[in-house]
Amino acid sequence: MHDIRFIRENPKAFDEGLARRGLPAQAEALIALDEKRRSVISELQAAQERRNALSREIGEAKKARDEARAQALMAEVAALKEAMQAGEAAERRAIAELEAALAAIPNLPKADVPDGPDETGNVERHRYGEKRSYAFEPKEHFDLGEALGQMDFETAAKLSGARFVVLKGQLARLERAIGQFMLDVHTSEHGYTEVSPPLLVRDDAVYGVGQLPKFEEDLFRTTDDRWLISTAEVPLTNLVRESILSEEELPKRFTALTPCFRSEAGSAGRDTRGMLRQHQFSKVELVSITTPEASADEHERMLAAAEAVLKKLDLHYRVVTLCTGDMGFASQKTYDIEVWLPGQGAYREISSCSVCGDFQARRMRARYRPKDAKEPRFVHTLNGSGTAVGRALIAVMETWQNEDGSITVPPALVSYMGGVTRIERAG
């Protein structure tokens, strides 16, 4: 959420930031809502001061035994009380109206984010490795998995409908191995604390990271009005909600391997075959909570942590900086890691690492107390995939496939696979 004080003091800069996202100017309308709120508060304060003065005058009238004046003053107090109750209701409405308007506006992009209308404006940052060459036509993951008898979309559709999969045998184990491997790398090499968070969360938690109210249709809601998490970013970031940390506690770095649930609203007709776009998938999430001064460096650190697992799996990928038209709602700046899928012959996103500034912290009321300051400040939050396990499975299958349809297990995963070095069709 944006700081209305910043908008009042920097209306031009705020509107310029929105324009870079392709949005119309909104500073004037927001300031008008804030003026309305301030006016109501001012009227309430004046009424409170008048009521305090009347209380003193009533005491003086009673002391002077001027009952008529005391009764008249008490009648005015009663009228003021009714007016103040109405004023308090008006204040709540004015605050809610302003907060609702602010909550619907995305974060402003950093100055070094490239401008662009959509993914065509993204800028490649660097690449790792080379595209493998094959003496045969590489297959896509679903052809490989179905031929192995270990990836079953038909049965999954009977159980749950479209965009689900049943993994069996060594492919199921490989998916589990990839997730465990990623967790071990992030906790042992990059200093992240492993967390096992709830998968069901309340409105406030989803609102805190910026997914509500704008992206409600992308989420699954339970019958008791909780939400299935679309990413572990939601519970991990909210671990510091409504708290004031000491500067010495920062940075906090959390990681979790969880199922994630997304309705994939608006993706009809896209990636309908295979595991690329599922309603349920596993992901290793990275979240950092830090100071404003350290957040830019933390962003680079998080990107390096996400890249590390792909390097260890010897997967070719590229990193792109998302342009203003392709960034997420809460992001100030985002790096996407796009892994190369030989079977598809395309780069596909496998990780997205974003710095959000204090945008989420304001929604969560998450602050810290600087060493040499009296007043607390909002923390900065960052999140990234470290990485999407299902997509990593796809990349491993397609990259490490053999001409006979078997899959070589990357050396980094052999110990997690109980020594298995090759996945073949059973029987």
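Below is a short write-up of the structure. (Residues numbered from 1 in each chain as written. Predicted model: local features only at pLDDT ≥ 70, side-chain atom pairs only at ≥ 80, totals over all residues. Heavy atoms only, no water.)

### Side note on the overall build of the chain
A count of helical and extended segments in the chain gives 12 helices and 18 strands. Over its C-alpha trace the chain gives a radius of gyration of 28 Å, far above what one expects of a compact globule, namely 22 Å for 427 residues. Within the span of the chain, comprising 427 residues, buried residues form 49% of the whole. Across the chain, contacts joining residues at least 24 apart in sequence account for 72% of those joining residues at least 6 apart. A total accessible area of about 20300 Å² is found for the chain, and carbon and sulfur atoms account for 47% of it. Charge separation in the chain, taken as the distance between the mean sites of 58 positive and 67 negative side-chain charges, equals 3 Å. (Helix = DSSP H or I, 4+ residues; strand = E, 2+ residues; numbered from the N terminus. Rg over C-alpha atoms; globule rule 2.2 N^0.38 Å. Buried < 20%, exposed > 50% of the residue type's maximum accessible area, 1.4 Å probe, protein only. Contact = heavy atoms within 4.5 Å. Areas by Shrake-Rupley, 256 points an atom, 1.4 Å probe, with all protein chains shown as cover. Lys, Arg positive; Asp, Glu negative; His and termini not counted. Charge placed at Lys NZ, Arg CZ, Asp CG, Glu CD.)

### Examining the nonpolar core
Counting residues in hydrophobic clusters, the biggest one holds 52 residues, and the most contacted among them are Met-151, Leu-174, Ile-178, Met-182, Leu-315, Ile-337 and Ile-423. Counting residues per element, the ones that place at least two in this core are helix 5 (141-148), helix 7 (169-189), strand 10 (280-290), helix 10 (295-312), strand 11 (317-321), strand 12 (333-341), strand 13 (346-355) and helix 12 (389-399). Those residues in contact with Ile-178, other than ones at most four positions away along the chain, are Val-389, Ala-392, Leu-393, Val-396 and Leu-413. (Core = buried A, V, L, I, M, F, W, Y, C linked by side-chain atoms within 4.5 Å.)

### Some remarks on unusual backbone geometry
The omega torsion across Leu-250 and Pro-251 is 0°, close enough to zero to call that bond cis. The residue after Gly-386, namely Thr-387, is reached through a cis peptide bond having omega 15°. By the element assignment, Thr-387 lies in strand 16 (residues 380-388). Of note, the phi angle at Arg-163 is positive, near 65°, even though the residue is not glycine. Note that Arg-163 resides in the loop between helix 6 (153-160) and strand 3 (166-167). On the basis of relative accessible area, Arg-163 is assigned to the buried category, the value being 14%.

### Some words on helix 2 (residues 11-20)
Three or more residues of helix 2 are buried, namely Phe-14, Asp-15, Gly-17 and Leu-18. Viewed along the axis of helix 2, the buried residues span an arc of 155°, placing them on a single side of the element. In this structure, the buried side of helix 2 is in contact with helix 1 (4-9) and helix 3 (27-63). Phi turns positive, to about 80°, at Gly-22, one or two residues after helix 2. (Arc of directions from axis to C-beta.)

### Some words on helix 7
Since there are 3.6 residues in each turn of an α-helix, residues three or four apart along the chain are aligned in direction. In this model helix 7 runs 30 Å from its N-terminal to its C-terminal C-alpha over 21 residues, within 8% of the 30 Å that 1.5 Å per residue would give. Along helix 7, the residues that are buried comprise Leu-171, Leu-174, Ala-177, Ile-178, Gly-179, Phe-181, Met-182, Leu-183, Val-185 and His-186. Gly-191 lies just past helix 7 and shows a positive phi near 75°. (Expected span 1.5 Å × (residues − 1).)

### A look at the pairing of strand 16
Most of strand 16 sits inside the fold, with nine of its nine residues counted as buried. As paired strands, strand 13 and strand 16 are joined by three bridges and run antiparallel to one another. Counterpart to Ser-354 in the pairing with strand 16 is Asn-383. (Pairing = 2+ DSSP bridges.)

### Brief notes about the sheet that holds strand 6 (residues 220-221)
Ordered by their spatial adjacency, three strands build an open sheet running 5-7-6, and the pairing between neighbours is antiparallel. Each end of this open sheet is capped by a strand with a single partner; those strands are strand 5 (200-201) and strand 6. Pairing between strand 5 and strand 7 (residues 227-228): two bridges, direction antiparallel. Paired with Val-201 across the strands is Trp-227, a residue of strand 7.

### Re the side chain of Ser-295
Summarising the element assignment, Ser-295 is placed in helix 10. Those residues in contact with Ser-295 that lie beyond four places of it in its chain are Thr-290, Val-355, His-380 and Leu-382.

### Focus: the packing of helix 7 against helix 12
It is the contact of helix 7 with helix 12, at a shortest axis distance of 9 Å, that shows an interaxial angle of 115°. In the packing of helix 7 onto helix 12, the handedness of the crossing is right-handed. Of the residues in helix 12, those touching helix 7 at Leu-171, Leu-174, Glu-175, Ile-178, Gly-179 and Met-182 are Val-389, Ala-392, Leu-393, Val-396 and Met-397. In the contact of helix 7 with helix 12, the residues fall into nine nonpolar, one polar and one charged. (Axes fitted to C-alpha atoms, helices over the stretch in contact; angles between N-to-C directions. Left-handed = near helix turned anticlockwise from the far one by under 90°. Nonpolar A, V, L, I, M, F, W, Y, C, P; charged D, E, K, R; others polar.)

### Description of the sheet that holds strand 16
The strand order 1-11-12-13-16-10-9-4 describes an open sheet built from eight strands, whose pairing is mixed. The open sheet has two edge strands with one neighbour each: strand 1 (123-128) and strand 4 (193-194). Bridge count between strand 9 (residues 252-261) and strand 10: 10 bridges; the pairing is antiparallel. Each residue of the ladder has a partner; that of Pro-259, found in strand 10, is Ser-282.

### Topic: the packing of aromatic side chains
One pass over the full model with this rule turns up six aromatic pairs. Both rings, one in Phe-329 and one in Phe-359, keep their centres 5.8 Å apart while their planes meet at 75°; by these two values the pair is edge-to-face. Pair noted here: Phe-329 is in the loop between strand 11 and strand 12 and Phe-359 is in helix 11 (residues 359-364), with a separation of 30 residues, a long-range link. Taking the relative accessible area as the measure of exposure, Phe-359 reaches 1% and is therefore buried. Members of the aromatic cluster, each reached through a chain of ring pairs, are Phe-215, Phe-329 and Phe-359. Over the ring of Trp-340 we find Lys-131, and its NZ or CZ is 4.1 Å from the ring centre. (Phe/Tyr/Trp six-rings, centres within 6.5 Å; stacked < 30°, edge-to-face > 60°. Lys NZ or Arg CZ within 6 Å of the ring centre and 35° of its normal.)

### Some remarks on the pairing of strand 13
The buried fraction of strand 13 amounts to seven of the 10 residues, a majority that puts the element mostly inside the structure. Alignment of strand 12 against strand 13, held across nine bridges, turns out to be antiparallel. Bridge pairing links Val-339 to Arg-348 in strand 13. The antiparallel pairing of strand 12 with strand 13 creates a hairpin that spans four residues between the two strands, and Gly-345 there sits at a positive phi of about 65°.

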